[in-house]
Amino acid sequence: MSLQKDGVQKDYADVEATLTRITSHTGVQGIVIATHEGSVIRSTLDNIQTQQISTLVTQLAARGKSVVRDLDPEDDLTFLRIRSKKNEIMVAETKQYLLITIQNPNELQKGWI
Amino acid sequence: MLPADRRKEELEKKRAKLAELRAAKEARKSALDASRRDSSATDSTSERRDLDDLVSSLVGDRPVSRNRSRDELGTPSSVSSPLDPHVLREALRAPASETARTEKTPADTPAEKPRPTLVSADFVFFDVPPREKVMYTKEIQTETIDFPNADAVEGPDSRSSPNRDAEPLAAEPPAAKTPEPETPPPEPLTEAERKSILSSETFLNFFDYSSKLVERALNEPYDFMTDYAVNDDRIIDDSAGKNVHRVCSFSDERWTRNRSVADCGWSQKHPELLLAAYSKNHASVTDADGVVLIWNLHLRERPEYIFQSQSDVTVAAFSDFHQNLVIGGTYSGQILIWDMRAKSRPVLQSPLSAAGHTHPVYSMRIIGTQNAHNLLTASTDGLVCSWQLDMLAHPQEALDLVHPSNLKSDGISVTTMAFPYNETTTFWVGTEEGSIYQANRYDRAGSKAGINGLDTYNAHYGMVTGLDFHPLSGPADFSDLFLTSSVDWTVKLWRAKSASKPSMVQQAITPLCSFEDADDYVYDVKWSPTHPSMFASVDGSGRFDIYDLNSEIEVPTVSLTTGTGRALNKLAWDKEGRRTALGSSDGLLYIYDLGEISQPRSDEWTTFQRTLAELESR
């Protein structure tokens, strides 16, 4: 009754398509997909930036995760958002991987409909 | 671990110091003993000798040198550590020697044994337990990976963009020094590893979930850090907010191309969610026939959920009483239930048997309350079935609607069905022939189950495409009014005959009013849920008309054309009556915001009553 792959074929091509769509969003500067140790799986930025971001942000996310766990052992970090003057770093985190997005929020359209 | 090392170091230092002190003491002691030796005293048996001397002194002899040596002894003994038992004895001896000295003179009397006055001396024994150092380290969940020989990882990487194995060798040594020297930099993944991760199921699920989160977060147009004090040259066009304007349109390259929207609806529980059911994609054979997409207003680029089915979904709705369920009726007559928590295939479906529908299901309604609700479906062969949502194996009741209108057969072909507000036993159906009938679900005093053949609402010349009863929304009750739309280019307003007073004779009921402004088939008409005199209709030329009966009866108040000119199939108002979703035949789902006109004023109800009276008097 249940199919192997859920009927909705998710595959590498979809990942690529979604990545291009996200990067083409206004203000998004880049995306890095990394593991918890900091190894980069996929990135849309250049090498040096990618390395910097992956090491620094994974450590930050690990720190954030330990803070959340210390405050409540049953809790876990799901999303981390850091706003600076020039950028916004968003980290979506699960057990194995992290999705790091850098965007410039000043380019957002204003005026909610 | 550094703190442990430090502790070891400190312990070592302490031990060294202690040893040093002991050595110093030993040295002093040896010096002392040496000096005592010089003054004719031996080391090893010196204590014994002293005691003997004391005794002998008490008895008689008292070598003077002894006292001197003892005096010499007395002073250094006070300097050295009090823990030494040797010193203790010396200290004890010191007052003893004092007393002995004082009693030197009467030592001549050997008979009298002067009792040495023993003074109890309080010695404070310093028993300091070693200070416990509480070391408190919290480890993070990651493991520190030792940085291996980087050359081994290099491998046959000669491809372009995602490959950076050459670079990180240079970048990593500085990166290793920068933050903390605790975690060594991670080893870069090989290309093969990366590819395998990218295709793995866990990664794809993770990516799906997190990319949705990120896209929703990215779509937030309100910047919460705006500084209102700063002068801004940006011009905001505010006028658009008041008029009817398009908010967005939902479509997906993969899932909505070459399909047309068969049905659309809003969620009661989450006002930002809406669904659209799509028909078959004729261009692609491998894709599933029926697709239902759940869209989120905050996530415009992709659907929240994708549900599939084996046959065309012709009608779909969110379940009012279960927040995770979506119910659909198909072209094959099956009833399907999808769950948002589950995969994209239906979790429950009715079998393709003669017990259920065997014709396309074009109308569906959930009636009842939270605890006692039924799903009513009507198919084009005139069969109306009532289902329990957890048991789709066979319908609870099946009612075949027959009406001797057609010369050849009794059956009627139901295209739409609607229940008046809060009514569960009687409903109205619109048929392919253009007639509208009232039907009862059960036998009642005075009326049988099935079509009420006595009242006929015959005014349309073509198939009835939409039938909608007035929702109960305000102080006045207009719930016996209903609108119908048809392919004869008209929309008609009727007043339903009350079911409680069944008529005895054949009666033809005429509409109150007919709206003939359209130039094409009118595909759907719906009342606004909040404004009593407003309704909207969509037609085959892509026109979206909004009628406000309190202001204009003949023509629509607002009439818009969606850009492409393709036919609009369905229309749905959201719960507050502020937005409408329009499904078009090219697979796009348009969302229009109606602005100010959608909000009723307080006197709208009374005005509408007057309007109705005026219409009836014509």
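Criteria and thresholds
Residues numbered from 1 in each chain as written. Chains lettered and ligands numbered in written order. Predicted model: local features only at pLDDT ≥ 70, side-chain atom pairs only at ≥ 80, totals over all residues. Heavy atoms only, no water. Helix = DSSP H or I, 4+ residues; strand = E, 2+ residues; numbered from the N terminus. Contact = heavy atoms within 4.5 Å. Areas by Shrake-Rupley, 256 points an atom, 1.4 Å probe, with all protein chains shown as cover. Buried < 20%, exposed > 50% of the residue type's maximum accessible area, 1.4 Å probe, protein only. Salt bridge = Lys/Arg side-chain N within 4 Å of Asp/Glu carboxyl O. Arc of directions from axis to C-beta. Pairing = 2+ DSSP bridges. Axes fitted to C-alpha atoms, helices over the stretch in contact; angles between N-to-C directions. Core = buried A, V, L, I, M, F, W, Y, C linked by side-chain atoms within 4.5 Å. Expected span 1.5 Å × (residues − 1).

Caption draft 1: Here's a closer look at the overall build of chain A. For chain A, the helix and strand inventory stands at 2 helices and 5 strands. Taking the contacts inside chain A whose residues are at least 6 apart along the sequence as the reference set, 37% of them involve residues at least 24 apart. When the accessible surface of chain A is totalled, it reaches about 6,000 Å², and 52% of it is carbon and sulfur.

Caption draft 2: Spatial organisation of the overall build of chain B. A tally of regular secondary structure across chain B gives 9 helices and 30 strands. Taken over 618 residues, chain B has a buried fraction of 44%. Residue pairs in contact within chain B that sit at least 24 positions apart in sequence constitute 53% of those at least 6 positions apart.

Caption draft 3: How the structure looks around the pattern of salt bridges. Summed over all chains, the structure comprises 24 salt bridges over all chains. Salt bridges linked by common partners bring K65(A), R69(A), D76(A), E93(A) and K95(A) together as one network.

Caption draft 4: Helix α7 (residues 191-199) of chain B, seen in detail. Where α7(B) is concerned, the buried positions are E191(B), R194(B), I197(B) and L198(B). Down the axis of α7(B), the smallest arc covering the buried residues is 125°, so these residues share one side. Against the buried residues of α7(B) lie α1 (12-23), β2 (40-43) and β5 (97-103) of chain A together with α8 (201-218) of chain B.

Caption draft 5: Summary view of the sheet that holds strand β19 (residues 464-469) of chain B. Residues and elements named next belong to chain B. Strand order in this open sheet of 4 strands is β19-β20-β21-β23, and the pairing throughout is antiparallel. In the strand order of this sheet, the two ends are held by β19 and β23 (513-515), each with one partner. Each neighbouring strand pair of the sheet contributes to a mean axis angle of 20°, computed without reference to strand direction. Bridge count between strand β20 (residues 481-486) and strand β21 (residues 491-495): 5 bridges; the pairing is antiparallel. Across the sheet, the residue bridging to T484 is K492, located in β21. Contacts from helix α9 (residues 604-617) reach β20, β21 and β23 within the one sheet, and its direction differs from that of β21 by about 95°.

Caption draft 6: Just the nonpolar core, in detail. Residues and elements named next belong to chain B. With 21 residues, the main nonpolar core has L481, L483, L493, F515, W527, F535 and L612 as its most contacted residues. Elements with a contribution of two residues or more to this core: β20, β21, β23, β24 (522-527) and α9. Broken down by element, this core gets its largest block of residues, 4 residues, from α9. Every residue in contact with F535, bar those within four places of it in the chain, is listed here: L483, V491, F515, V525, K526, W527, S528, D545, I546, Y547, L549 and W573.

Caption draft 7: Local environment of the sheet that holds strand β13 (residues 397-400) of chain B. All names here are of chain B. Across the sheet, which stays open at both edges, the 4 strands sit in the order β10-β11-β12-β13 with antiparallel pairing between neighbours. Two strands bound the open sheet, and with one partner strand each, they are β10 (361-368) and β13. For this sheet the average axis-to-axis angle between neighbouring strands, irrespective of direction, equals 20°. Sheet analysis places strand β11 (residues 373-379) next to strand β12 (residues 383-387), joined by 4 bridges and oriented antiparallel. Among the inter-strand pairings, L376 is bridged to a residue of β12, identified as S386.

Caption draft 8: Structural view of α1(A). In a regular helix each residue adds 1.5 Å, so 12 residues correspond to 16 Å; α1(A) covers 16 Å between its end C-alpha atoms and thus fits that length. Buried within α1(A) are the following residues: V15(A), T18(A), L19(A) and I22(A). Projection of α1(A) onto a plane perpendicular to its axis shows the buried side chains occupying an angular sector of 100°, all on one side. Contact partners of the buried residues in α1(A): β1 (28-35) and β2 of chain A together with α8 of chain B.

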